[in-house]
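Results of the structural survey
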Amino acid sequence: MDRIRIRGGAPLNGTIPISGAKNAALPLMIASLLTEDTLELVNVPRLADISSLLRILSNHGVDHTIAGKRPGQTTETGQTIRLSAKTIIDTTAPYELVSTMRASFWVVAPLLARLGEAKVSMPGGCAIGTRPVDLLIMALERLGAQIEIDAGYVLAKAPRGLKGGEIAFPKVTVGGTHVALMAAALADGTTVIENAAREPEVVDLAACLSKMGARIEGAGSARIVVDGVSRLHGATHEVLPDRIETGTYAMAVAMTGGEVTLENTRPELLESALDVLRQAGVEVSAVNEGIRIRRNGGGIAPVDVTTDPFPGFPTDLQAQFMALMTRAAGTSRIRETIFENRFMHVQELARLGARIQLDGETATIEGVDRLKGAPVMATDLRASVSLVIAALAAEGETMVNRVYHLDRGFERLEDKLARCGAAIERVSG
Ligand code: EPU
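Report on the accompanying structure. (Residues numbered from 1 in each chain as written. Predicted model: local features only at pLDDT ≥ 70, side-chain atom pairs only at ≥ 80, totals over all residues. Heavy atoms only, no water.)

**Considering the overall build of the chain**
Counting secondary structure elements, the chain contains 14 helices and 24 strands. On C-alpha atoms alone, the chain measures out to a radius of gyration of 22 Å, which is about the 22 Å that the 2.2 N^0.38 rule sets for 429 residues. A principal-axis box enclosing the C-alpha atoms of the chain has dimensions of 65 × 50 × 40 Å. Across the chain, the fraction of contacts at a sequence separation of at least 24, relative to all contacts at a separation of at least 6, is 75%. Within the structure as shown, the chain displays about 16600 Å² of accessible surface, and the carbon and sulfur contribution to it stands at 46%. (Helix = DSSP H or I, 4+ residues; strand = E, 2+ residues; numbered from the N terminus. Rg over C-alpha atoms; globule rule 2.2 N^0.38 Å. Contact = heavy atoms within 4.5 Å. Areas by Shrake-Rupley, 256 points an atom, 1.4 Å probe, with all protein chains shown as cover.)

**Structural notes on the nonpolar core**
Of all hydrophobic cores here, the largest spans 152 residues; its most connected members are Leu181, Leu209 and Phe321. For this core, the leading source of residues is helix H12 (residues 381–392), giving 9 residues. Here Leu209 is in contact with Ala31, Leu34, Leu181, Met182, Ala214, Ile216 and Leu232, once residues within four sequence places are set aside. (Core = buried A, V, L, I, M, F, W, Y, C linked by side-chain atoms within 4.5 Å. Buried < 20%, exposed > 50% of the residue type's maximum accessible area, 1.4 Å probe, protein only.)

**Structural notes on the pairing of strand S3 (residues 38–44)**
One face of the sheet, then the other: side chains in a regular strand alternate in exactly this way. Burial runs high along S3: 5 of the 7 residues are buried. Pairing geometry for S3 and strand S5 (residues 79–84), over 5 bridges, is antiparallel. From the neighbouring strand, Leu41 faces S5, where its bridge partner is Ile81. Sheet topology note: the S3/strand S14 (residues 235–238) ladder contains 4 bridges and is parallel. Looking at S14, one finds that Val42 is bridged to Glu238. (Pairing = 2+ DSSP bridges.)

What follows is the structure in structure tokens.
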């Protein structure tokens, strides 16, 4: 199993290209099930989760081609994937596949909307909390689906097609909103989604569905109205930049000091996180190529943060921000309100010398003068990368184990950081 070795202490200087967003690419790929035509997605990141979803979609009969490199393209630019769900050969998503990636549960919506039936394994437990699917099921029921749960599978049926309806989410859910959008796009009549997630990835999915012929208004607000159509057609869509990758590298630069331009990304995708970085004493500026992050000389100020749905501070940046706060000049508090168990990085950060106390959904971080390298590992993607950030500022060597978590969501992480001066390398085997 690969590991990553980091020798801390070097500032980061240079340019980091930001990839297409994993969490936008996944629902966009799933949306290919809604049409017989080809959906072409541009700027898809090269990640393990993308490959897993391609395997899952193949099982339903989706053919895909990964376009050859065009002139000027390198492996550093995103890939173009063409997906064609002309004939769906299987409406079952088995446990062995769904359990590898939670988001694959979302195939339930397009399968049901297009074919009137789907049998999809419940995703099961997850390292960052219980993460149930009750609200996704509720959304489908509101559109007339009959749902049964049997032997760990969700059996969804709508023999005469889905009907538009009102879906009021009691809690903001990104996956619930994706599912509602995809199902409503092919339902008969109008659907109103209340308390919809406003995340940029929801807006991206709605934009792609609209190109495919869906009639959607209000994406990006808490109320989305979808007028169902009888069929959708092919389209070409470019995946939006990864705001979590953007924020992660911004925090890495804040941690080490230096000056880095994050290319091919946009500040409005993560204003709340950039504001918090400014409060911590980091210079953040919008430039033509993207966002410039700079911290030279000054220390890191402590800042209190609460995670919230967009446009609030993202839970997917909580662990990275905690890593930064371990070196702040004072005490900060981080409240995690989205997932109840998303603090597994705390123990591992402590191995590097961080002082963190947990009390329910709040972590109190007392900044320390120095961190010291150690072997560490983490059980999810964002927790793993928080250890990389801490290691970049720790004295001596840190070995990050279980790198497959990083490969699920960060494209060429060690390469991007090494080019900016970090002493980081992958150790195979
Ligand atoms: N929830 C329910 N019932 C449901 C669905 C969700 O109670 O039926 C709860 C969850 O347990 C959680 C909250 O609602 O407490 C929000 O969950 P949400 O549905 O928004 O999360 P998700 O769609 O499963 C996506 C991202 C996550 C990200 C969250 C929150 C993808 C593939 N995943 O998950 O990303 O943390 O939204 O922004 O888009 C990651 O990339 O590392 C990651 C975990």
